[in-house]
Amino acid sequence: NESPKEYIERVQEEYGAKSNVCGRIWGKGYVAYRCRTCGMSPCSAICHECFEKGPHRDHNFLMYRSVAGGCCDCGDPGA
């Protein structure tokens, strides 16, 4: 039995595809951001780390406490 991490590493090695999407998953109560300047959807969200790494501080953004959890859309061109 391989762990989820081992499975992901094996698939990435076999297919040579790594995503540019952060994909970090967070739970209830996590402080996340919505960048209204970059986001393609009002539901697009980014984690704190991606917010700090990117140009978002000078953008029109919203910081919020997640009610139910979510995941980071950073790097997803459709988000």
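Everything quoted here is computed from the prediction, not taken from an experiment.

About the cut-offs
Residues numbered from 1 in each chain as written. Predicted model: local features only at pLDDT ≥ 70, side-chain atom pairs only at ≥ 80, totals over all residues. Heavy atoms only, no water. Core = buried A, V, L, I, M, F, W, Y, C linked by side-chain atoms within 4.5 Å. Buried < 20%, exposed > 50% of the residue type's maximum accessible area, 1.4 Å probe, protein only. Helix = DSSP H or I, 4+ residues; strand = E, 2+ residues; numbered from the N terminus. Phe/Tyr/Trp six-rings, centres within 6.5 Å; stacked < 30°, edge-to-face > 60°. Lys NZ or Arg CZ within 6 Å of the ring centre and 35° of its normal. Disulfide = S-S within 2.5 Å. Salt bridge = Lys/Arg side-chain N within 4 Å of Asp/Glu carboxyl O.

**Overview of the nonpolar core**
Part 1: By size, the foremost hydrophobic cluster in this structure holds 12 residues: W26, Y30, A32, Y33, C35, A45, I46, C47, C50, F51, Y64 and C72.
Part 2: Elements supplying a minimum of two residues to this core: β2 (31-35) and α2 (48-53).
Part 3: In terms of residue count, the dominant contributor to this core is β2 (three residues).

**With respect to the packing of aromatic side chains**
Part 1: For the structure on display, the rule yields four aromatic pairs.
Part 2: Each residue in the set Y33, F51 and F61 is aromatic and connected to the rest through ring pairs, giving one cluster.
Part 3: Over the ring of Y64 we find R34; its NZ or CZ atom is 4.4 Å from the centre of that ring.

**Section: the state of the cysteines**
Part 1: Scanning the model with the defined rule gives zero disulfides in all.
Part 2: This cysteine, C22, is not joined by any disulfide, and C50 carries the nearest cysteine sulfur, 3.8 Å off.
Part 3: With a relative accessible area of 36%, C22 lands in the partly exposed category.
Part 4: Looking at the unpaired C47, the closest cysteine sulfur is the one in C50, lying at 3.6 Å.
Part 5: C47 sits in the buried class, given a relative accessible area of 2%.

**With respect to the pattern of salt bridges**
Part 1: Considering all chains together, one arrives at three salt bridges under this definition.
Part 2: For E2, the salt bridge identified is with R10, shortest N-O distance 2.9 Å.
Part 3: Of the charged contacts in the structure, one is a salt bridge between E49 and R24, with a shortest N-O distance of 2.8 Å. Note that E49 is positioned in helix α2 and R24 in the loop between α1 (4-15) and β1 (25-26), a separation of 25 residues in sequence.
Part 4: Using a relative accessible area of 33% as the deciding quantity, one classes E49 as partly exposed.
Part 5: For R24, a relative accessible area of 34% puts it in the partly exposed group.

Purely geometric stuff here, so don't read any function into it on its own.
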